[in-house]
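# Examining the three-dimensional arrangement
Each chain, written out:
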Amino acid sequence: MDFLTILGLIAGTLTTISFLPQVIKTWQSKSAKDFSFGMLVTFSLGVFLWLVYGIGKNELPIILPNFVTLVLNSLIILLKFKYR
């Protein structure tokens, strides 16, 4: 694995992990009222498109973090509906 691939994986890991505390807080507080549904959907669409792009380019540093981020954001969307 070359340096840029490793750098991309580290960057993707950090940005994805930064989203995790919000998922945990939403789960624990049982409240997602502060999230705009429009922002969540727009963000999910953007992450999905990055995922498709990464798959098209066969770039693991783009695929892996965007897949995980999409799962985490989808969980927040589900929690937003569950805890209304």
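Definitions and limits used
- Residues numbered from 1 in each chain as written.
- Predicted model: local features only at pLDDT ≥ 70, side-chain atom pairs only at ≥ 80, totals over all residues.
- Heavy atoms only, no water.
- Phe/Tyr/Trp six-rings, centres within 6.5 Å; stacked < 30°, edge-to-face > 60°.
- Helix = DSSP H or I, 4+ residues; strand = E, 2+ residues; numbered from the N terminus.
- 1 Å grid on protein atoms, 1.4 Å probe; cavity = no way out; pocket = protein on both sides within 12 Å on 5 of 7 lines; lining within 4 Å.
- Points joined across faces, edges and corners; volume = space filled by probe spheres on them.
- Nonpolar A, V, L, I, M, F, W, Y, C, P; charged D, E, K, R; others polar.
- pLDDT = per-residue confidence, 0-100.
- Expected span 1.5 Å × (residues − 1).
- Buried < 20%, exposed > 50% of the residue type's maximum accessible area, 1.4 Å probe, protein only.
- Arc of directions from axis to C-beta.
- Contact = heavy atoms within 4.5 Å.

It is worth spelling out the packing of aromatic side chains at this point. Enumeration according to the criterion identifies 3 aromatic pairs in this entry. Note on Phe-19 and Phe-43: the rings are 5.6 Å apart at their centroids and 20 degrees apart in plane angle, and the pair reads as stacked. Of this pair, Phe-19 sits in the loop between helix H1 (3-17) and helix H2 (20-29) while Phe-43 sits in helix H3 (residues 37-57), placing them 24 residues apart in sequence.

Moving on, we come to the layout of surface pockets. Quantified by volume, the largest pocket comes out at close to 180 Å³. Every residue lining the largest pocket is listed: Gly-8, Ala-11, Gly-12, Thr-15, Thr-16, Phe-19, Phe-43, Val-47, Pro-61, Pro-65, Asn-66 and Thr-69. Contributions of two or more residues to the lining of the largest pocket are made by H1, H3 and helix H4 (60-82). Its residues assigned to classes, the lining of the largest pocket comprises 6 nonpolar, 6 polar and no charged.

All right, on to the confidence of the model for the chain then. Taken as a whole, the chain shows an average pLDDT of 94; of its residues, 100% reach a score of 70 or greater. The weakest mean pLDDT in the chain belongs to H2 at 92; the strongest belongs to H3 at 96.

Turning to H3, a few remarks are in order. Relative to the 30 Å expected for 21 residues at 1.5 Å per residue, H3 spans 30 Å between its end C-alpha atoms, a close match to the ideal helical length. Within H3, the full set of buried residues consists of Leu-40, Ser-44, Val-47, Leu-51 and Gly-54. Seen from one end, H3 has its buried residues packed into an arc of 85 degrees, which puts them on one side. In H3, those exposed residues whose orientation departs by more than 90 degrees from the buried face are Thr-42 and Gly-56. Buried residues in H3 make contact with H4. Positive backbone phi, approximately 55 degrees, marks Asn-58, located one or two places after H3.

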